Amino acid sequence: MKIASVIVDVPTKQTDKTFDYLIPEQWNHLVVPGMRVIVPFGPRNIQGFVTEIKSHSEFNSLREIIEPMDLEPVLSKELLELGNWLTDTTLCFRIFAYQVMLPAALKAKYEKKVKLAAGVKASDLPSPLSHLLDGGAMLDWEEALKQGLVGVLHREAIKGNIEVIYLVKERVKKKHIKVIRPAVAAVQLKEELKQLPANAEKQKQVLLYFIDQYQETEYKKLTSQYQLSPSAIKALESKGLLDGMEMEVYRDPFDHRVFQKTEPLPLTENQEKVITPIRNAVETGKHEVFLLYGVTGSGKTEIYLQSIQKVIEKGQEAIVLVPEISLTPQMVHRFKSRFGDLVAVMHSGLSAGEKYDEWRKVQRKEVKVVVGARSAIFAPFENIGIIIIDEEHETSYKQEDMPRYHARDVAIRRAQTYNCPVVLGSATPSLESFARAQKNVYQLLTLPSRMNNQALPSVEIIDMREELRSGNRSMFSRKLLELLKDRLEKQQQSVLFLNKRGHSSFVMCRDCGYVVNCPNCDISLTYHRAGVRMKCHYCGYEAPVPSVCPECSSEYIRYFGTGTQKVEDELGKILPEARVIRMDVDTTGRKGAHEKLLTEFKEGKADILLGTQMIAKGLDFPNITLVGVLSADTMLHLPDFRSSEKTFQLLTQVSGRAGRHKLPGEVIIQTYTPEHYSIELAGTQDYNLFYQREMMVRKMRHYPPFYYLAMITVSHEQLLTVVSETEKIVQFISSQVSNKTVVLGPTVSPIARINNRYRYQCLIKYKREPNLYKTLKKILDQYQTTAKNGPLVSIDVNPFIMM
DNA sequence: AGCACGCCGACT
DNA sequence: GTCGGCGTGCTC
């Protein structure tokens, strides 16, 4: 009998290896690597991934695979290998690496049930069980737990009267509809029509329909159109004239929309210059990474579209990654209207079932292009011709929980295996990428000017300290107010951008400044409008919003939100005639609200669009001629070495919203630190100078791209234990690495406590350390094996969030 | 993760 | 003497 090596769905150190199972004869040829199977594991049944088929095992008493869950593997050979690579490079469990590559719908759901053992009568059991299990009924274990039946069940199980059953279930079913199609030629249908008994009126109608419409038809449509009972169709089916079958259908989220087909636009001279090397790489099947550096509005998307066109012509497939927040309907529209049904879209707005359907389209090779957020990088294509990452600098490409991968790294890895180009596009490339381009690791392609040579908007930086000194205490500088009024008169549109500080909405006392914190974590609670409650995002603690301040008993304790509410109120006072649309977590919570608000703004139903992060991208409306940034520096003081870079990127991004069409644009940036280079240089929109300045800082402080980072976070209930354990780790690493490597710590984490566990960090900065991963793995092995009340250790290689 | 096995305290 | 607490170790 053949043997399968299986990675089981149990994410622990001890089970992070393959387990061997016998393949029952009947599945012998079906079970292949990459397939999900149900296997017995101890007393229960769980899901697992087959990684290998072999004929020998070191174990002598193997159990059998219970059942395969797929007819064809869900992970190709390439993806299995990619999963192993992910495991090694991000130091996670293999099961996590496999699961992250699949839609959530394919993750197993487990159910534990109780039923009567064979040959036992329900009446033999004690009273509560006897009727619950009567007639072979299955009792849900959770349900039994709630009713306090565990003790009884336990006793009966020992006696052998009941049986515990472990079920592995799919989360989402494929959606099917029943269709009917003619089973014989149309001529023959006509023949049969004549032979029908005179009273077979309904059958006659159905036959006439199929003679007229010789095609597959939805069962429901037939029955409702002719008011049929199923029997008429059944009769025809049994005569062999019609064929009924289940057909898999997709939940198409864009079903109701019609896409006007667009043709490739003529390229400018610059675009032509830039696309040529990409086309060549596609043509010759050469792996190369291009950094497409092009200012906002320089026509990067058209480059993507035409490169993909080339790939499709060559019979290959394309993956396009777009940050979640710019995966707007407009963006999707551009791809759908160029490539029509060949596009699958994957983003968080879809339901689990819809995501699964989009994934199936890729798996069944029914599409050629995938447009999606981070996880779309794992699209199960098998002949990739190009991978494009738009807004390459976006931090959302790094996943913050296991496996902590960066989509850019995965993209390059996959492109290497498929010998195809990667295009990283940005108006403000990440320092890492730009530095690589400078060193010719990546090939730099530049689009220096906007299409049609529109001027970049003029940017003015306003020193808010100056405003305060001259007696203006409002949040609008005099200049910004003046321009807002001007745009109102001219009936042009403005965008006001509020940079939210650190985390989201919190509750604060206006009198004493008290902020409501989580009692278990050193972090403020987040306000949730539903139920007027506050929640902790880290431990789940919940509390109602207090009516008086616990510190000073003031009644003026309230939700501070992202500040947009406050800005809106103030706007209402000073510009009462302006129509304002506010976009933040509160107003865009519902599905589709985001799109609806933007459409309203586009249609000119408002003069001012006010919002946070989420309006920084993708807005491309002709009538926007003014962009105001209310507070540019809120992000600058976060404990993050990338804060300058992020500030510069965000300001540049926002500025790009103005004057993208015929009308010239103006940008006002309000700040308390106008002298900071990231703000000053965002003002002059000088990426190159910013790059040089920031590189100097990074070099001095030993940060990327000069050094690589690895962050170790240790947590424990006892402060002293955390400190001493972190110290031990620091010592151990120091002893293992070269003296050129910097090992910092123990340092308190920026979030000093989560869920009553204190947190300390150790930061490693290194240039070349070939054995570091092995060393880190050793640390993980050590701590994941020791007792549960011991310290927890997590490691993030190339961290993006330093908390 | 779940679950069994196993060794100590408070009860019929 | 037993029921049940959760500490430890195993699952091919």
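Every value quoted in this text rests on a predicted model; they were computed, and no experiment measured them.

A. Broad picture of the overall build of chain A. The number of helices and strands found in chain A is 24 helices and 34 strands. Over its C-alpha atoms chain A spans a radius of gyration of 31 Å, differing by no more than 12% from the 28 Å that the globule rule assigns to 803 residues. Burial analysis of chain A (803 residues in total) assigns 52% to the buried set. Contacts spanning at least 24 positions in sequence make up 73% of the contacts within chain A whose residues lie at least 6 apart.

B. Here's a closer look at the pattern of salt bridges. What the rule picks out here adds up to 35 salt bridges. Salt-bridge contacts for Arg698 lead to Glu645; the nearest nitrogen and oxygen are separated by 2.7 Å. Of this pair, Arg698 sits in helix α22 (residues 687-701) while Glu645 sits in helix α20 (residues 643-655), and the two are 53 residues apart along the sequence. Of the two residues, Arg698 and Glu645, neither departs from the other in class, the shared state being buried. Through salt bridges that share partners, Asp486, Arg487, Lys490 and Glu666 make up one connected network.

C. The arrangement of the nonpolar core in detail. One finds Leu75, Ile377, Phe378 and Leu609 to be the most contacted residues of the largest nonpolar core, which totals 92 residues. It is helix α14 (residues 407-418) that contributes the most residues to this core, six residues altogether. Leaving out residues up to four positions away in the same chain, Leu609 has contacts with Ser494, Val495, Leu496, Ile581, Met583, Leu598, Phe601, Ile615 and Leu619. Grouped together as the second largest cluster of nonpolar side chains are 31 residues, Val282, Ile303, Ile386 and Val423 included.

D. Main features of the sheet that holds strand β3 (residues 36-41). Read across the sheet, six strands follow the order β5-β2-β1-β4-β3-β6 without closing on themselves; strand pairing throughout is mixed. If you trace the sheet from one side to the other, it starts and ends with β5 (63-64) and β6 (67-68), each paired once. Across six bridges, the pairing between strand β1 (residues 3-8) and strand β4 (residues 44-54) is antiparallel. Across the sheet, residue Ala4 finds its bridge partner in β4, namely Ile53.

E. Representation of the protein's contact with DNA strand C. Taken together, 13 residues sit near DNA strand C, with Lys17, Asp20, Gly42, Phe59 and Arg63 positioned nearest. Protein-proximal atoms of DNA strand C, defined as those within 4 Å of the protein, fall in sugar or phosphate at a share of 41%. One of the side-chain nitrogen or oxygen atoms of Lys17 is found 2.9 Å away from a base nitrogen of DNA strand C. At 3.3 Å, a backbone N or O of Pro40 approaches a phosphate oxygen of DNA strand C. Counting only elements with at least two residues in the surface near DNA strand C, the list comes to β2 (18-22) and β3. A per-element tally of the surface near DNA strand C places β2 first, with three residues. Partitioning the surface near DNA strand C into residue classes produces six nonpolar, four polar and three charged.

F. Main features of unusual backbone geometry. With omega at 0 degrees, the peptide bond leading from Met402 into Pro403 counts as cis. Checked against the element boundaries, Pro403 lands in the loop between β17 (384-389) and α14. Put simply, Pro704 and Pro705 share a cis peptide bond, and its omega is 5 degrees. Within the secondary structure, Pro705 is located in the loop between α22 and β31 (708-716). The phi dihedral of Glu391 falls on the positive side, at around 50 degrees, and the residue is not glycine. Here Glu391 shows up in the loop between β17 and α14. In this structure, Asn798 is a non-glycine residue whose phi angle is positive, near 55 degrees. Tracing the sequence through the fold places Asn798 in the segment after β34 (792-797). On the accessibility criterion, Asn798 (30% relative accessible area) is partly exposed.

G. A look at helix α15 (residues 431-438). Taking burial as the measure, the eight residues of α15 include six buried ones, the bulk of the element. Residues of α15 that are buried: Leu431, Glu432, Ser433, Phe434, Ala435 and Ala437. At its buried positions, α15 is contacted by β13 (289-294), α14, β18 (422-426), β19 (443-447), α20 and α22. Two residues or fewer past α15, Asn440 is found with a positive phi of approximately 60 degrees.

Rules used throughout
- Counting from 1, residues in each chain are numbered in the order their sequence is written.
- Whichever chain is written first is A, and whichever ligand is written first is 1; the rest continue in order.
- Local features in this predicted model are restricted to residues whose pLDDT is 70 or higher, and side-chain atom pairs enter the listing and the counts only when it is 80 or higher, whereas totals over whole chains, interfaces and linings include all residues.
- Only hydrogens and water are removed before side-chain values are computed, so all heavy atoms of the structure are retained for them.
- Each helix corresponds to a stretch of at least 4 residues labelled H or I by DSSP, and each strand to a stretch of at least 2 residues labelled E; elements are numbered beginning at the N terminus.
- The reference for a compact globule is 2.2 Å times residues^0.38; the radius of gyration itself is calculated from the C-alpha atoms.
- A 1.4 Å probe rolled over the protein chains alone gives each residue an accessible area, and that area as a share of the maximum for its type sets the label: buried under 20%, exposed over 50%, partly exposed in between.
- Any two residues whose heavy atoms approach within 4.5 Å are treated as being in contact.
- We count a salt bridge whenever a side-chain nitrogen from Lys or Arg sits within 4 Å of a carboxyl oxygen from Asp or Glu.
- In this description, a nonpolar core means a group of buried Ala, Val, Leu, Ile, Met, Phe, Trp, Tyr and Cys residues linked to one another through side-chain atoms lying within 4.5 Å.
- At least two bridges found by DSSP between two strands is the condition for calling them paired.
- Definition of nearness: a residue and a molecule or strand are near each other if at least one heavy atom of the residue lies within 4 Å of the molecule or strand.
- Pairs of N or O atoms are called polar contacts if they sit within 3.5 Å, as long as, within protein, a hydrogen donor faces a hydrogen acceptor (for residues adjacent in sequence, only side-chain-to-side-chain pairs).
- Residues are grouped as follows: Ala, Val, Leu, Ile, Met, Phe, Trp, Tyr, Cys and Pro are nonpolar; Asp, Glu, Lys and Arg are charged; every other residue, Gly included, is polar.

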